Every structure is written in C-alpha cells, then in structure tokens.
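What follows is each chain in one-letter form.
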Amino acid sequence: MRIAIASGKGGTGKTLVATNLAWMLARDGVETVYVDCDVEAPNGQLFLHPDHLVSERVSQPLAALSTPTCSGCGECQRFCAFNAILALGDKVLVFPELCHACGGCMRVCPEGVLKEIPRETGTVIMGRARQVTFLAGRLDVGEPRAAPVIEAVLAAAPRTGVVVVDAPPGTSCSAVAAVRGADHVVLVTEPTPFGLHDLELAVEMCRSVGARLSAVINRSDLGDAPVRSYLLRENIPIVAEIPFDRTLSTAYAAGELAARQSVPLRRELGRLAEALMAQHAEAA
Amino acid sequence: MKTIAFISGKGGTGKTSLVGAFAHLAAPVVLADCDVDAANLALLLPGKVVYEEPFFAGELAAINPDRCACCGLCAQACRFDAIRDLGTTFAVDPLACEGCRVCAHVCEFDAVELMPNEAGVVQRIESKCGPLVRAELRPAQSNSGKMVTRVRTLAREQAEAGGYGLVLLDGPPGIGCPVHATLANVDLAVVVTEPTPSGRHDLERALTLLDRFELPGRVIVNKADLSPSMTNRVTQLAVSRGIGVVGRLPFTEAAPWGLAQGRTLLDVEVLRHRLTDIWERLTAAVENQPRSAPSVPLVRDVAGC
C-alpha cells in the first residue's frame, strides 16, 4: 500500500507526520518504507537519521549534436514545444533547463545527426533508519525540473509493505508526480485561511489522480478558519488533530522524532496509523 | 524600478504574511503573488478584480477514437507514460501529457489532435496597498514557471505604467522552476527561514541557488525564539555565505489568530517595530544595490519550464 502525505500549502507539517508515522508503523512491526519526494527541500533525513546510505545519480537524456555540424534546416527548433532548441547556422544550441527529454527533435531531424546524452539532475539516496527502509530524492541546486527525480526515487522504492511518501507542497507537476499511484493521500492542513485555501486546491488535485483522502489538522488550536466544516462537507475524514505544542517545536528544532517524546502526538498519529492499516487490511 | 523577491526553500516559514506586512509599509507598491500553486497573498490584501486573462500552458494531446487504429505507436513513443491502451482505442492521460507532440508526429492515422491547454487565469486586483497581480493555476497542471513569468510581466507593466518604484514578489517554496522564474533579474532576494533543521537545510540550498544566479540576498529568521541555538546556527550559515541577516522575529500565537481574522502582522504589538526595522534595512539594501546584468543567462526570462 502506498500512502502519500501531501498538503498544498508548505510548512503545514508533512514531514513531521510522514517521518513519525513511518517510525510508528515500523515500531508496530509493519514493513515500512519512507520515500522523501520533496526533492527540492528534502528534510526527512534530518529526523529519521538513516545509516548505511548508498546513493545513485539520476540523469535525464538531453539532445545534442552527434557530428560537429548539421545542415541547419531548423526542423528540430520548429518541432520543440518547449523552446529548448535554437538552430543557428550549422550549430544546434540546446537549453538543458528547458528540454523535457521527449525525443521529438531526434525523430524530426532529417539527417539523424541528433543524439541524446545523459545529464545528471539529482540523486536518489537509500538507507535504513532502524526498521524503516529510507529513500530520498534530491534535486541538484540550479536544476528546475523536480518531477523526473521524484519519479526516479519512487521507481527505486520497494513495492512491498507500507510505503509512506513525503510529498512536496503545491498542486502542480511535482506534487502530482508524488501522489500519482498512491492508494491513499493524507492531507496535512492547518486551520488558517491560507491552510483552507490551499487545502481546497490540494483536494481537487488529489481527486484528479483518484486517491482516497483523509486529513490531519496540525496546530489545530491556532487559527479559526472553517477547515473542519469544509472537510465534513467534502466527506473527508479527519483522522488526527495535532495541537500546537512548544515541546513539539523543541523536539523538531533538535532534529528528533517528536512522537518519541510527545504522548499526544503518538496518540493522534496512532489513530492515523490505525485508520490506514484498517484500510490496508480491507483492500487485502 | 526595483524588484524584491521573497523565497524560502522550506514552505510555511512566513513569506506571505511578511509580504502582506511589508506591502503596508511600502504602499503604494506593486505586488505579485508568484506562488501560483497556492496563491494566498490576496487573502491578506483582498480587492476588486480589475483585469483577468486566461493562461495557456502549451498544448495537450487528445486521441480521436474514430481514427485510432490501435497500433500503439504513440504509446511506444511517449516518454511520459501518458498514453493508455483502452482496448478499442488509445487515450491520453492529461495529467501526464507534457504536450511535446511526439504522439501526433508518429501517428500514421492522423488520430492525435493537440488542443491549447487552458491551465488557469492571471488577474490583477486593486488592493489597498496597490495593484496585486496573481494567478490561479488549476490543480494538477504543469508549467507553473511559465505562469510566474507571465505574472511578473504584468506586474512590471503595471509598475511602469503607474510610475511605481517598487515591486514585491511573494515567491513559492522550493528551489525548482517556479522559484527560478521568480528570481530572474530581481534586485534583491530575501530568504525567509525558521530555526529548525529543515529550515536551515533548505536555507542552505536556497542560498546556493542565489549564488548560482549571482543575486544579492538577505535573510529573515522567523519564529526565532522557538530555538535560540538553531537561530544562531542559521545566522552563522547565512553569514558564512556572505549574506546578511536583516532581522529575527519571535513566534507568537497572535500571528495565526490575527491572520485568521484578516489582520496583518503589523497589528501584532511584539512584531510591529521589528518589522519596521527590517523593512528599513531591506529598502536600504535594495537602494544601494548597483543594477548589474547577471552574467548567468536566465532563459526562463523568455520561456519558463
């Protein structure tokens, strides 16, 4: 079963929920995999402290000339939907940040002088955090496209057990890449106007990928936006509510798993784990 | 005209709340919400929509089932795993399609059509602090970098037409394509961080990005009292990169409550004078910043990923 922890708004507590949930599931004897798909800001490692780390570079194909010159017909430039190619006389200039690696330019080149060379854009890290199998994607700083690194880390994850995906914020391509294929999406939100606005967008995004939804309200006692009534209306169960707690912040600041220390957090995430495992059993 | 961008790396550090407060100190000013995935600035600065345009993010392929011969060439050629075999026809998954047109190129039966992909709207609001340009990207769309570029273009036009001296950009989290589009050719980038391991880690990546783009930066440490030791570590990191910390703000429960009731951070007593001090430092920094063309070409100025 794959569970994605997503949000819409950033900083609502996805990593807090994902890392502590993975730790609690593994502690209860569930085979658990944690996959950090927030490849622009991958922070799970700072709390799970995995060891036995190995890493693999992620590369994407990039168009390039295989001969020093070409006829300069410009077919490749005309075909490219991403404005990534400039045909200048007998040279071809490819902007790597814009290339989507669709392979179209090679198909249309009448002389067949374009080839693809691998271009590294990130890293997949694998290790163990006690009983949790740990994976994380890291986008190289300066690279624009996160989705291929997200796809690479998800492809590297084991298919067995419970896979907890720590998704990036937002509702566009990288968030979609992380929640696609999830059986269940847990949306972490906060009861502020920002939290509610972005939750609505995230719900719409998740429904378009067809996952089952539930919600966790973080800092549930701060703010008063009508997040609960919205979730009720949308028929999305609230499986946990985490009140604001300075001791949680302190544990978080120290890079510790807050559920180790906080009984309320353990209780709330325990409810989440139970709900998820019940669904898992039902599906099996 | 000067442009200041607020970014963070990590989400939820307080970018939008801060931009909302600085907007009041800078007014009249042009504002641009560049977090098009989760555009929240207008919740703090609401106003009448005075202009709106559709935003097209390239094209999406669609297969005409009447023409599809089920040869499967398109599915083989698609690099994005966007074409499904439905038995009697093939169909495009619009969430996976990137509009590259390769399927249309390989189809021998002329069964693939490309349609303009209306991915959202860009609009201008008359807020009480000045024109606010924002966008709504429909959920599950791509091309948010390109949309940010469009938001910035409209904001610049607005500033030029109205004789405004300053544009404030409320940026997205992360360090990827929409952040690059937000940073292209700004005069100053302000990184808002928080004293947590995540905040520090993501600040480091954001500062590396600024370095890569040769942009001058400043750092604001928000919620600084939640961990004084981590606040010191975050400060040391910024200083070691030659980036000044222009201020620290304490966490206060009054902030989320106030925002929930439509107030700004300036209404919070413990924050007001600190915000005013930070704003003075930022305006001084941007005014003393010599405008130099970056040596790193930013192609997203013209395109956007």
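The structure presented is a predicted model; accordingly, all values stated were derived computationally and were not measured. (Residues numbered from 1 in each chain as written. Chains lettered and ligands numbered in written order. Predicted model: local features only at pLDDT ≥ 70, side-chain atom pairs only at ≥ 80, totals over all residues. Heavy atoms only, no water.)

Q: Is there a simple way to explain the nonpolar core in this structure?
A: The tendency in soluble globular proteins is for nonpolar side chains to be buried side by side. Ranked by internal contacts, the top residues of the largest apolar core, which has 44 residues, are A:Val35, A:Cys37, A:Ile150, A:Val165, A:Val185, A:Leu187 and A:Leu231. Counting 43 residues, the second largest nonpolar core, distinct from the first, contains B:Ala57, B:Ala159, B:Val191 and B:Leu210. (Core = buried A, V, L, I, M, F, W, Y, C linked by side-chain atoms within 4.5 Å. Buried < 20%, exposed > 50% of the residue type's maximum accessible area, 1.4 Å probe, protein only.)

Q: Any chance you could explain the pairing of strand β8 (residues 162-166) of chain A here in plain terms?
A: Residues in a regular strand project their side chains so that they alternate between the two faces of the sheet. Residues and elements named next belong to chain A. The buried fraction of β8 amounts to five of the five residues, a majority that puts the element mostly inside the structure. Burial along β8 is two-sided: Val-162, Val-164 and Asp-166 and Val-163 and Val-165, pointing in opposite directions, are all buried. As paired strands, strand β1 (residues 2-6) and β8 are joined by four bridges and run parallel to one another. Paired with Ile-3 across the strands is Val-164, a residue of β8. As paired elements, strand β2 (residues 32-36) and β8 share five bridges and run parallel to each other. Directly across from Thr-32, in β8, lies its bridge partner Val-162. (Helix = DSSP H or I, 4+ residues; strand = E, 2+ residues; numbered from the N terminus. Pairing = 2+ DSSP bridges.)

Q: Explain unusual backbone geometry here, please?
A: In terms of backbone geometry, most residues other than glycine have negative phi values and most peptide bonds are trans. Put simply, B:Ala27 and B:Pro28 share a cis peptide bond, and its omega is 0°. Mapping B:Pro28 onto the fold places it in the loop between α1 (15-26) and β2 (30-33). Positioned with a positive phi, A:His49 is a non-glycine residue whose angle comes to about 45°. Turning to its location among the elements, A:His49 is positioned in the loop between α2 (45-48) and β3 (51-65). Note on A:His49: relative accessible area 49%, which makes it partly exposed. Phi at B:Asn185 is positive, roughly 60°, even though this residue is not glycine. In this structure B:Asn185 comes out as partly exposed when scored by relative accessible area, which is 26%.

Q: Honestly, the sheet that holds strand β6 (residues 114-129) of chain A in this entry has me stumped. Any pointers?
A: Strand pairs in the sheet, formed through backbone hydrogen bonds, run parallel or antiparallel to each other. All names here are of chain A. Spatially, the nine strands line up as an open sheet ordered β3-β6-β7-β2-β8-β1-β9-β10-β11, and their pairing is mixed. Here the strands that pair on one side only, and so sit at the sheet edges, are β3 and β11 (238-242). Across the sheet, the mean angle from the axis of one strand to that of its neighbour is 20°, orientation sign disregarded. In the sheet, strand β10 (residues 212-218) pairs with β11 via four bridges, with the strands oriented parallel. Bridged to Val-216 within β11 is Ala-240. (Axes fitted to C-alpha atoms, helices over the stretch in contact; angles between N-to-C directions.)

Q: Help me out: how do you make sense of the interface of chain A and chain B in this one?
A: Often, the extent of an interface is quoted as the loss of accessible area upon association of its parts. Contact residues are listed per partner, giving 64 residues for chain A and 68 residues for chain B. Regarding the contact of chain A and chain B, the summed buried area is about 5300 Å², with carbon and sulfur atoms giving 60% of it. Three residues, A:Glu40, A:Val141 and A:Phe194, lead the burial of chain A against chain B; their summed loss comes to 13% of the area buried on that side. Across the contact surface, chain A and chain B share four salt bridges. For B:Asp93, the salt bridge is made with A:Arg180, and the minimal N-O distance between the two is 3.1 Å. Between chain A and chain B we count 24 residue pairs in polar contact (both at pLDDT 80 or more) in total. Tallying contributions element by element places helix α7 (residues 193-209) of chain A first for the side of chain A that touches chain B, with nine residues. (Contact = heavy atoms within 4.5 Å. Buried area = accessible area lost by both parts, 1.4 Å probe. Salt bridge = Lys/Arg side-chain N within 4 Å of Asp/Glu carboxyl O. Polar contact = N/O pair within 3.5 Å; in protein donor to acceptor, adjacent residues only side chain to side chain.)

Q: Even after reading the chapter, I still don't get the side chain of A:Asn43, so can you show me in this structure?
A: Counting through the fold element by element, A:Asn43 comes out in the loop between β2 and α2. Sequence-distant contacts of A:Asn43, that is, excluding residues within four places in its chain, are made with A:Thr15, A:Asp36, B:Ser198, B:His201 and B:Asp202.

Q: Any chance you could explain helix α1 (residues 14-27) of chain A here in plain terms?
A: Turn by turn, an α-helix covers 3.6 residues, leaving residues three or four places apart pointing in a common direction. All names here are of chain A. Between its terminal C-alpha atoms α1 stretches 20 Å, which fits the 20 Å expected from 14 residues at 1.5 Å a residue. Counting buried positions over the 14 residues of α1 gives 13, a clear majority of the element. Of the residues flanking the end of α1, it is Gly-29, one or two places downstream, whose phi is positive at about 90°. (Expected span 1.5 Å × (residues − 1).)

Q: I'm lost on the state of the cysteines in this one. Help?
A: Chemically, a disulfide is nothing more than a covalent bond linking the sulfur atoms of two cysteines. Residues and elements named next belong to chain B. Taken as a whole, this structure holds zero disulfides over all chains when the rule is applied. Between Cys-71, a free cysteine, and Cys-107, which holds the nearest cysteine sulfur, the sulfur-to-sulfur gap is 6.1 Å. Between Cys-103, a free cysteine, and Cys-100, which holds the nearest cysteine sulfur, the sulfur-to-sulfur gap is 6.1 Å. Judged by its relative accessible area of 10%, Cys-103 falls in the buried class. (Disulfide = S-S within 2.5 Å.)

Q: Explain the sheet that holds strand β6 (residues 112-127) of chain B to me, please; I cannot follow it from the model alone.
A: All names here are of chain B. The sheet built from nine strands is open, its strands ordered β3-β6-β7-β2-β8-β1-β9-β10-β11 with mixed pairing. The sheet is open, and its two borders are formed by β3 (48-63) and β11 (244-248), each paired with just one other strand. Taking each pair of neighbouring strands and ignoring which way they run, the sheet shows an average axis angle of 20°. Bridging between strand β10 (residues 217-221) and β11 involves four bridges; their strand directions are parallel. When the bridges of β11 are listed, Ile-220 appears paired with Gly-247. Sheet contacts for helix α8 (residues 228-240): β9 (188-193), β10 and β11; angle to β11, the most-contacted strand, approximately 150°. Lying over the sheet, helix α10 (residues 269-287) contacts β1 (2-7), β8 (166-170), β9, β10 and β11, oriented at roughly 160° with respect to β11.

Q: Quick question: what am I supposed to make of the packing of aromatic side chains here?
A: Aromatic ring pairs are described here by two measures, namely the spacing of the ring centres and the angle between the planes. Applying the stated rule across the entire model yields five aromatic pairs over all chains. When the ring of A:Phe244 is compared with that of B:Phe251, the centres are 4.8 Å apart and the planes differ by 20°; the resulting orientation is stacked. With A:Phe244 in the loop between β11 and α9 (246-253) and B:Phe251 in the loop between β11 and α9 (254-260), this pair bridges two chains. One aromatic cluster in this structure is built from B:Phe6, B:Phe22 and B:Trp279. In this structure, A:Arg27 is placed above the aromatic ring of A:Trp23, and the distance from its NZ or CZ to the ring centre is 5.3 Å. (Phe/Tyr/Trp six-rings, centres within 6.5 Å; stacked < 30°, edge-to-face > 60°. Lys NZ or Arg CZ within 6 Å of the ring centre and 35° of its normal.)

Q: Explain the pattern of salt bridges here, please?
A: Any two side chains of opposite charge can pair if their charged atoms end up close together. Residues and elements named next belong to chain A. This model, assessed by the stated rule, comprises 27 salt bridges over all chains. For Glu-120, the salt bridge goes to Arg-57, with nearest N and O atoms at 2.9 Å. Of this pair, Glu-120 sits in strand β6 while Arg-57 sits in strand β3, placing them 63 residues apart in sequence. Residue classification places Glu-120 among the partly exposed residues on the basis of a relative accessible area of 45%. A relative accessible area of 40% means that Arg-57 is categorised as partly exposed. Across the pair Arg-219 and Glu-190 runs a salt bridge whose closest N-O atoms are separated by 2.6 Å.

Geometry only, nothing functional implied.
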